[in-house]
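# Summary of the model geometry
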Amino acid sequence: MSRMLLVIALGAAVLGAGCSQVSKIATQVGVSEGAITQEEADSINRSVVAMEKAWTDITPEQEHYIGRAVAATLLASYPALDDAGANAYLNRLGQTLALASDRPETFGGYHFLLLDSDEINAFACPGGLVLVTRGLVACCDSEDALAAVLAHEIGHVAGKHGLRAIKASRLTSALTIVAAEGARNLGGEDLARLSDDLEGTIGDITQTLVNNGYSRDLERAADTAAVAVLGRVGYNPRGLESMLDRMQARWKPSGPGFMQTHPSPRDRLADVSASLKGFAPLEASTVRQARFAAALDGI
Amino acid sequence: MSRRTLGALVALLLLCLTALAAQQFSVQVRETRLRQTPSYLGATTASVTYGTRVTVLETRGPWRRVQATDGRTGWLHESALTERQLTLAAGDRDVATGADTDEIALAGKGFSPEVEREFKKQNRDVDFAWVDRMATWNVTPDEALAFLAEGKVTPPGGQP
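Attention in this report is confined to the structure presented alongside it. (Residues numbered from 1 in each chain as written. Chains lettered and ligands numbered in written order. Predicted model: local features only at pLDDT ≥ 70, side-chain atom pairs only at ≥ 80, totals over all residues. Heavy atoms only, no water.)

### Details of the overall build of chain A
If you tally the helices and strands in chain A, you get 16 helices and three strands. A burial count over chain A gives 57% of its 299 residues as buried. The contacts in chain A between residues at least 6 apart in sequence include a share of 73% that link residues at least 24 apart. Counting every atom, chain A has about 11,400 Å² of accessible surface; 54% of that belongs to carbon and sulfur. (Helix = DSSP H or I, 4+ residues; strand = E, 2+ residues; numbered from the N terminus. Buried < 20%, exposed > 50% of the residue type's maximum accessible area, 1.4 Å probe, protein only. Contact = heavy atoms within 4.5 Å. Areas by Shrake-Rupley, 256 points an atom, 1.4 Å probe, with all protein chains shown as cover.)

### Thoughts on the overall build of chain B
The helix and strand inventory of chain B stands at four helices and seven strands. Written out in order from the N terminus, the α and β elements of chain B read α-β-β-β-β-β-β-β-α-α-α. The burial tally for chain B puts 37% of its 160 residues in the buried class. Sequence separation of 24 or more characterises 47% of the internal contacts of chain B that already satisfy a separation of 6 or more.

### Considerations on the interface of chain B and chain A
Accessible area lost during the coming together of the parts is what is often quoted as the interface size. Contact residues are listed per partner, giving 51 residues for chain B and 57 residues for chain A. Both sides together, the interface formed by chain B and chain A hides about 4,500 Å², and carbon and sulfur atoms give 64% of it. Connecting chain B to chain A are four salt bridges. The partner of A:Arg68 in a salt bridge is B:Asp132, with the nearest N and O atoms 2.8 Å apart. Counting across the chain B and chain A interface gives 14 residue pairs in polar contact (both at pLDDT 80 or more). Tallied by class, residues from the side of chain B that touches chain A come to 26 nonpolar, 12 polar and 13 charged. (Buried area = accessible area lost by both parts, 1.4 Å probe. Salt bridge = Lys/Arg side-chain N within 4 Å of Asp/Glu carboxyl O. Polar contact = N/O pair within 3.5 Å; in protein donor to acceptor, adjacent residues only side chain to side chain. Nonpolar A, V, L, I, M, F, W, Y, C, P; charged D, E, K, R; others polar.)

### Comments concerning the packing of aromatic side chains
Ring pairs (aromatic) are described by centroid distance and by the angle formed between their planes. All chains considered together, the criterion is met by four aromatic pairs over all chains. Taking the ring centre of B:Phe147 as reference, the NZ or CZ of A:Arg291 above it sits at 3.7 Å. Taking the ring centre of B:Trp130 as reference, the NZ or CZ of B:Arg133 above it sits at 4.0 Å. (Phe/Tyr/Trp six-rings, centres within 6.5 Å; stacked < 30°, edge-to-face > 60°. Lys NZ or Arg CZ within 6 Å of the ring centre and 35° of its normal.)

### What about the pattern of salt bridges?
Two side chains with opposite charge may pair up if their charged atoms get near one another. Tallied over the full model, the rule gives 21 salt bridges over all chains. A:Asp116 serves as the salt-bridge partner of A:Arg134, at 2.8 Å between the closest nitrogen and oxygen. Pair noted here: A:Arg134 is in helix 6 (residues 134–137) and A:Asp116 is in the loop between strand 1 (111–115) and strand 2 (122–125), with a separation of 18 residues, a long-range link. The exposure class assigned to A:Asp116 is partly exposed, which follows from its relative accessible area of 35%. A salt bridge links B:Glu58 to B:Arg60, with the nearest nitrogen and oxygen atoms 3.3 Å apart. For B:Glu58, a relative accessible area of 27% corresponds to the partly exposed category. Taken together, the salt bridges that share partners define one network made up of A:Arg216, A:Asp217, A:Arg220, A:Asp267 and A:Asp271.

### Considering the sheet that holds strand 3 (residues 129–133) of chain A
Whenever strands of a sheet pair, they do so through backbone hydrogen bonds, lying parallel or antiparallel. All names here are of chain A. With mixed pairing, three strands are arranged side by side in an open sheet as 1-3-2. The sheet terminates laterally at strand 1 and strand 2, the two strands that pair on one side only. Averaged over all neighbouring strand pairs, the angle between strand axes comes to 15 degrees, with direction disregarded. Direction of pairing for strand 1 relative to strand 3: parallel, over a ladder of five bridges. (Pairing = 2+ DSSP bridges. Axes fitted to C-alpha atoms, helices over the stretch in contact; angles between N-to-C directions.)

### Quick notes on the environment of A:Arg291
Tracing the chain through its elements places A:Arg291 in helix 16 (residues 286–296). When the C-alpha positions of A:Arg291 and A:Glu143 are compared, they lie 8.3 Å apart, and in sequence the two are 148 residues distant. When sequence neighbours within four positions are dropped, the list of residues in contact with A:Arg291 reads A:Tyr89, A:Glu143, A:Tyr235, B:Phe147, B:Glu150 and B:Gly151. Among the polar contacts listed, one links the side chain of A:Arg291 to the side chain of A:Glu143, at a separation of 2.7 Å.

### Topic: the nonpolar core
Grouped burial of nonpolar side chains is what soluble globular proteins tend to show. Residue and element names in this part refer to chain A. Judged by nonpolar contacts, the single largest core of 57 residues is most densely connected at Leu97, Leu146 and Tyr235. A total of nine residues in this core trace back to one element, the largest contributor, which is helix 7 (residues 143–158). Once residues within four sequence positions are removed from consideration, leucine 146 is found in contact with Tyr89, Leu90, Leu93, Val137, Cys140, Phe292 and Leu296. (Core = buried A, V, L, I, M, F, W, Y, C linked by side-chain atoms within 4.5 Å.)

### Some words on the packing of helix 5 (residues 84–99) of chain A against helix 4 (residues 141–150) of chain B
Direction vectors running N to C along helix 5 of chain A and helix 4 of chain B enclose 105 degrees, while the axes themselves pass 9 Å from each other. With respect to each other, helix 5 of chain A and helix 4 of chain B are oriented roughly perpendicular. Contacts from A:Tyr89, A:Arg92, A:Leu93, A:Thr96 and A:Leu99 in helix 5 of chain A reach B:Ala144, B:Phe147 and B:Leu148 in helix 4 of chain B. Its residues assigned to classes, the contact of helix 5 of chain A with helix 4 of chain B shows six nonpolar, one polar and one charged. (Parallel < 35°, antiparallel > 145°, perpendicular 65-115°, else oblique.)

### Some words on helix 7 of chain A
Taking 1.5 Å of rise per residue, 16 residues should cover 22 Å, and helix 7 of chain A covers 22 Å from first to last C-alpha, within 8% of that figure. With 15 of 16 residues buried, helix 7 of chain A is to be regarded as a mostly interior element. (Expected span 1.5 Å × (residues − 1).)

Now the structure itself:
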């Protein structure tokens with residue numbers, strides 16, 4: 001193995017471990033074995049520290065601009081549903097739920113928009129821009145079920161799950177930085193420029209939102225957050241169960257949208273069932289059903 | 001330990017706690033409202049904007065009772081606050097007066113209105129019109145409570 005490959009492999013190993021301490025130990029071994037110079041070891045360690053901080057250091061206002069660009073990019077593929085009444089209702093429900101989330105305050109606030117697509121899909125963009133398709137709304141037969149959908153998306157925003165996608169997807173980019181550092185000992189400005197690249201970041205996030213999906217752990221976390229928010233506001237969290245049941249009936253494993261990016265509704269139900277124990281069966285509400293139908297029946 | 005020593009220790013502890021409680025924070029969201037009680041159901045009083053320096057007087061769960069530099073007090077959720085000191089660049093318009101202009105200088109490096117402008121130049125097929133329209137759809141806390149009341153949704157612990 002050439003020294004350069006060794007430097008890259010070492011960098012990859014320590015980045016994979018995601019720990020600057022591991023990096024320091026590993027590079028120390030590399031130096032003592034004569035595989036890399038102390039200068040190269042320092043470069044790798046600097047890169048690792050930079051990457052560890054990559055997403056946790058993003059401020060709410062930076063997150064806001066990332067989210068705007070992600071939403072605008074998604075809207076190039078998924079057209080908005082231009083229905084003022086339906087979108088107003090979606091925002092009254094969604095923004096009310098967001099008030100009770102673990103992160104009620106984002107730089108620009110939470111805003112919701114319907115997408116004119118039959119696909120079952122939703123996108124929680126960093127900072128609180130939430131896009132929901134007609135196809136996903138069709139999985140909801142009540143306001144309580146729709147509340148569960150929106151609370152789940154709010155859970156993704158509150159947990160900064162979109163920003164975590166940057167960290168995961170940027171390991172490849174980080175590897176390039178490490179290689180460049182190892183090869184040329186570029187200055188810190190070069191690292192900063194690379195890690196601040198908005199376009200790359202948007203690519204990371206949209207790739208995760210549209211194609212790869214989050215891990216089952218993050219989906220479970222969003223469902224758990226949804227149950228908590230629904231309970232705090234006063235909606236029966238069994239609305240989530242109702243929505244997942246209807247989604248399961250429409251589920252085709254080879255289908256688009258959620259069917260590619262989310263665990264099956266059956267798996268999500270299994271994951272969330274324990275936290276729903278103790279809640280009474282979902283009861284229909286005449287007044288909520290009336291406004292739900294008035295806002296969304298025509299879409 | 002004598003009562004006097006114990007008393008001195010308690011006094012010292014209280015002093016330390018007071019010092020901690022007096023920590024300075026900045027409002028890190030574009031605009032939010034002070035609440036009368038530490039709850040999302042709490043009635044709102046005045047609004048505070050990005051960069052406003054506040055002193056934390058009391059902590060209850062995720063809520064902080066704060067006093068702004070102009071003397072106003074109220075409760076804010078911790079997600080609205082940062083320990084960093086945020087500054088607006090000279091000559092830029094206040095964020096509160098131009099919600100859609102985004103002419104605010106953002107602290108630190110990274111994604112900003114300037115970067116967004118550059119992004120738009122390089123990606124002319126990406127249209128921000130709907131994103132800008134979404135940003136104008138705001139539901140006030142009062143409207144949210146009215147929405148719950150109308151739907152007969154009752155938060156645990158009482159009527160909204």
